[in-house]
Protein chains: 2
Amino acid sequence: MVPMANFSVEDARATQVTPGFQLADIDPAATPNFSDSKKKLLHEFTEIDDELTDLQEMLYANARAGLPHTPRILLVLQGMDTSGKGGVIRHVMGTLDPQGVDLAAFGVPTEQERQHDFLWRIKKALPRAGRIGVFDRSHYEDVLVHRVHGLSPLPVIEQRYGQIVEFEQELVDSGTTIIKVMLHISPEFQAENLRERLERKDKYWKYNPGDIDERLHWEEYQQAYQIALERTSTASAPWYCVPSDNKPYARMVVKYLLLGALRDLQLQWPPADFDPAVELARLEASQQQLQQRLTQQQ
Amino acid sequence: MVPMANFSVEDARATQVTPGFQLADIDPAATPNFSDSKKKLLHEFTEIDDELTDLQEMLYANARAGLPHTPRILLVLQGMDTSGKGGVIRHVMGTLDPQGVDLAAFGVPTEQERQHDFLWRIKKALPRAGRIGVFDRSHYEDVLVHRVHGLSPLPVIEQRYGQIVEFEQELVDSGTTIIKVMLHISPEFQAENLRERLERKDKYWKYNPGDIDERLHWEEYQQAYQIALERTSTASAPWYCVPSDNKPYARMVVKYLLLGALRDLQLQWPPADFDPAVELARLEASQQQLQQRLTQQQ
């Protein structure tokens, strides 16, 4: 028997970062609003697939039909190493039509990117109208890594929070729904994941000795996240801090956040800019004509 | 009971365009080397998913590990309107990890693209090392549409076949496996598909009155395809002419072609460029250190 649905968009949104938020209070191993079996979790995960793909197609259709002001969605994924960003992309985005997804990953900036403002490469990678953009890391690296390692002077970093809020507000004003997700894991869970990468030959490629050095800055990273989330979680571009020691749970939450954003757009199928009856008649005529010609050829 | 596997890479490759090929002899409604039930077809379709995703991850891992000469795969999809290019992308590529796929669609060239050689926009969209590139239409539009509608002088088009063969040979020489697929449909099947687009409000956006005008050039398009396939199906960059009136069949064939290309690469997991034992020790030490620090904080 198929279990009843018991997770919702509202449940997912309960992870939103609101005033007074304290990252230290969030248990990475918790599964807020979900206490059921793994089997039920997998059910919840796939149950909304049809609605999700329909809504995504509708969004894409609006852009393809050339409707003005077709919105777009931008999902920003951040988290410590091994927090599961790749898994979210694979499992959540894997449900969607790849033609409607604009995926961008932001690694260490290239020499060219370094010649520009930190938002330059971000702006170049923004999703097109009607698409769901996914950022695997983002402009937040410039207030996270940069803060932890002092890669930029503190006054510059301080200025960036405001620049980010303004930039994101502009995106929202021009029709982008922004969903920012921090995949929040514990150091124990990270150790587990890194251990796996060191024990399996098919995982070596994911490991980098530098990961251990980074890991030892744990508290500084948590502090940098606390500040970033606090200062940049706005009503129009909120952060969601998703407990992610339980991977399937985190993936489910992100999927519901995406579903909520799509529902809120209240899209319609684009109307026909032609007369369907007239076109049907043209189609049947063309078929007759073709059949006749092709028969004569034989 | 799960049905036994009875489709193979070799079966898929039997659709290859070889000397003497006549498009007119290919029945778009046939399902060569497959005569079983739809249920079995769906089974064949998903049976190879694990191998496919493993091999794709290995390909991606090679590039991420920075191994020199990491290959790439390029899947070129061509076909008449409604031949199912989008469906192949959705269903075949949907199995893969989106992070390892470089998707590009080529519509009517932009003003900027028109200022350049016809291969300019193609070269810009080639897949990165370790990725599977998918072209939804391609440089072949410049010898198909252009031939049918006389968009370029005939001598220019004639020259392009040679340019294409050379260009593709260069790609192959630099480590790209090229799979070119023509999704071959009948005019009856196209009529069915167009009819559906005219009868369902959620399909209107896919319809364009110009589709009927294009359709009436059926024989000229078949002729243009015949010439293109004949002249550009080489041993190193072969064309496959896949009967596509049966959509699930066509998708299955493309999936097996992709599997064959991945198998032929004979990839290995990249070796560790670190000492796993040393790193495991570092990891455990870091965990102890972190635990101590985090406990003291509380």
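What counts, and where the lines are drawn
Residue positions are counted from 1 within each chain, in the order its sequence is given. Chains carry letters from A onward and ligands carry numbers from 1 onward, assigned in written order. Note on the predicted model: pLDDT of at least 70 is required for a residue's local features to be given, and 80 or more for side-chain atom pairs to be given and counted; whole-chain, interface and lining totals, by contrast, use all residues. Hydrogens and waters are ignored; side-chain quantities use all the structure's heavy atoms. The contact criterion used is simple: two residues touch if any of their non-hydrogen atoms lie within 4.5 Å. Summed over both partners, the accessible area (1.4 Å probe) lost when two parts come together is defined as the buried area. The rule for a salt bridge is simple: a side-chain nitrogen of Lys or Arg has to be within 4 Å of a carboxyl oxygen of Asp or Glu. Between N or O atoms, a polar contact is any pair within 3.5 Å; within protein, one atom must be a potential hydrogen donor and the other a potential acceptor, and residues adjacent in sequence are included only when both atoms are from side chains. Numbering of helices and strands starts at the N terminus; helices are DSSP runs of H or I of at least 4 residues and strands are runs of E of at least 2. Should DSSP find at least two bridges between two strands, the strands are regarded as paired. A fitted line through C-alpha atoms serves as each axis, taken over the contacting stretch for helices, and the angle formed by two N-to-C directions is quoted from 0 to 180°. UniProt positions are given in the numbering used here, feature names are shortened, and annotations may be inferred rather than shown by experiment. Angles below 35 degrees are treated as roughly parallel, those above 145 as roughly antiparallel, those between 65 and 115 as roughly perpendicular, and all remaining angles as oblique. Crossings are assigned a handedness: left-handed for a near helix turned anticlockwise from the far helix by less than a right angle, right-handed for a clockwise turn. Pairing of aromatic rings covers Phe, Tyr and Trp, the last counted by its six-membered ring, and requires centre-to-centre distances within 6.5 Å; plane angles under 30 degrees mean stacked, over 60 mean edge-to-face, and any other angle means tilted. Summary of the burial criterion: residues with accessible area below 20% of their type's maximum are buried, those above 50% are exposed, and those between are partly exposed, where the area comes from a 1.4 Å probe applied to protein chains only. What sets the superposition is a least-squares fit of C-alpha atoms, and only residues with pLDDT of at least 70 in both copies go into it. By this rule the span expected of a helix is its residue count minus one, scaled by 1.5 Å. The positive count covers Lys and Arg only, the negative count covers Asp and Glu only, and His and the chain ends enter neither.

Chain A has the name Polyphosphate kinase 2 (PPK2) in an unreviewed UniProt entry, where Corynebacterium choanae is given as its organism.

Colleague: Talk me through the interface of chain A and chain B; I want residue IDs and the actual numbers.
Modeller: With 54 residues of chain A in contact, the opposing surface of chain B contributes 53 residues. Together chain A and chain B conceal approximately 5100 Å² of surface at their shared face, both sides included; 62% is due to carbon and sulfur atoms. When the buried area of chain A at its contact with chain B is split by residue, Arg90, Trp205 and Leu283 of chain A rank highest and sum to 15% of it. Counting every contact that joins chain A to chain B gives 10 salt bridges. Across the salt bridge formed by Lys206 of chain A and Glu57 of chain B, the nearest N and O atoms sit 4.0 Å from each other. At the surface where chain A touches chain B, the tally comes to 18 residue pairs in polar contact (both at pLDDT 80 or more). Within the residue set of the side of chain A that touches chain B, elements represented by two or more residues are helix H3 (49-64), helix H4 (85-93), helix H9 (187-199), helix H10 (210-215), helix H11 (218-232) and helix H13 (276-297) of chain A. Ranked by residue count, the leading element in the side of chain A that touches chain B is H13 of chain A, at 14 residues.

Colleague: Please set out the sheet that holds strand E2 (residues 101-105) of chain A residue by residue, giving values where relevant.
Modeller: Residues and elements named next belong to chain A. Spatial strand order, E2-E3-E1-E4-E5: 5 strands in an open sheet with parallel pairing. Since the sheet does not close on itself, it has two edges, and those belong to E2 and strand E5 (239-243), each with one partner. Here the strands of the sheet are splayed against their neighbours by 20° on average, with no regard to which way each runs. Sitting on the sheet, H4 touches strand E1 (72-79), E2, strand E3 (132-136) and strand E4 (176-184), and the angle it makes with E1 is about 150°.

Colleague: Tell me about the UniProt feature "domain: Polyphosphate kinase-2-related" (unreviewed entry) in chain A, and please be specific about residues and values.
Modeller: Those places that UniProt annotates as "domain: Polyphosphate kinase-2-related" (unreviewed entry) correspond, in this numbering, to residues 49-264 of chain A. Structurally, residues 49-264 of chain A is divided into 53% helix and 15% strand, and its ends, taken at the C-alpha atoms, are 17 Å apart.

Colleague: Give me the packing of helix H7 (residues 141-149) of chain B against helix H8 (residues 154-173) of chain B: which residues, what numbers.
Modeller: All names here are of chain B. Two elements in contact, H7 and H8, have axes whose closest approach is 10 Å; the angle formed by their N-to-C orientations is 160°. Considered as vectors, H7 and H8 are oriented roughly antiparallel to each other. With respect to the hand of their crossing, H7 and H8 are arranged in left-handed fashion. Of the residues in H8, those in contact with Asp142, Val143, His146 and Arg147 of H7 are Leu154, Ile157, Glu158, Arg160, Tyr161 and Ile164.

Colleague: A description of the packing of aromatic side chains should follow, citing residues and the corresponding values.
Modeller: All names here are of chain B. In this structure the tally under the stated criterion is 16 aromatic pairs over all chains. Centre to centre, the rings of Phe7 and Phe34 are 6.1 Å apart; their planes meet at 70°, and the pair counts as edge-to-face. In this pair, Phe7 is assigned in the segment before helix H1 (9-13) and Phe34 in the loop between H1 and helix H2 (38-47), connecting sequence segments 27 residues apart. Across this residue pair, the class does not change: Phe7 and Phe34 are buried. Measuring from centroid to centroid gives 4.7 Å for Tyr140 and Trp239, while their planes differ by 70°, and the two rings are edge-to-face.

Colleague: Account for the relation of the copies chain A and chain B, naming residues and giving values.
Modeller: Rotating chain A by 180° and moving it 0.0 Å along the rotation axis overlays it on chain B with an RMSD of 0.0 Å. The two molecules are tied by a two-fold rotation axis, judged by turn and shift. Closest approach to the rotation axis within chain A is made by the C-alpha atom of Gly94 of chain A, at a distance of 2.9 Å. With an isologous cut-off of 70% or more, the 98% of interface residues of chain A that recur at the interface of chain B puts this contact in the isologous class.

Colleague: Provide a residue-level description of the pairing of strand E5 (residues 239-243) of chain B, including the pertinent values.
Modeller: Residues and elements named next belong to chain B. Extensive coverage of E5 is indicated by the burial of 5 of its 5 residues. Side chains of E5 alternate between two faces, with Trp239, Cys241 and Pro243 and Tyr240 and Val242 buried alike. Pairing between strand E4 (residues 176-184) and E5: 5 bridges, direction parallel. Of the residues in E5, the one forming a bridge with His184 is Pro243.

Colleague: A description of helix H11 (residues 218-232) of chain B should follow, citing residues and the corresponding values.
Modeller: Residue and element names in this part refer to chain B. In this model, H11 (15 residues) spans 21 Å end to end at C-alpha, consistent with the 21 Å of a helix rising 1.5 Å per residue. A large share of H11 lies buried, amounting to 11 of its 15 residues. Within the span of H11, buried status applies to Trp218, Glu219, Tyr221, Gln222, Ala224, Tyr225, Gln226, Ile227, Ala228, Leu229 and Thr232.

Colleague: With reference to specific residues and values, describe the side chain of Asp211 of chain B.
Modeller: Residue and element names in this part refer to chain B. Locating Asp211 in the fold gives a position in helix H10 (residues 210-215). In this structure, Asp211 is buried with no salt-bridge partner, the nearest side chain bearing the opposite charge being Arg197 at 4.6 Å. In contact with Asp211, not counting residues within four places along its chain, are Asp81, Leu194 and Lys206.

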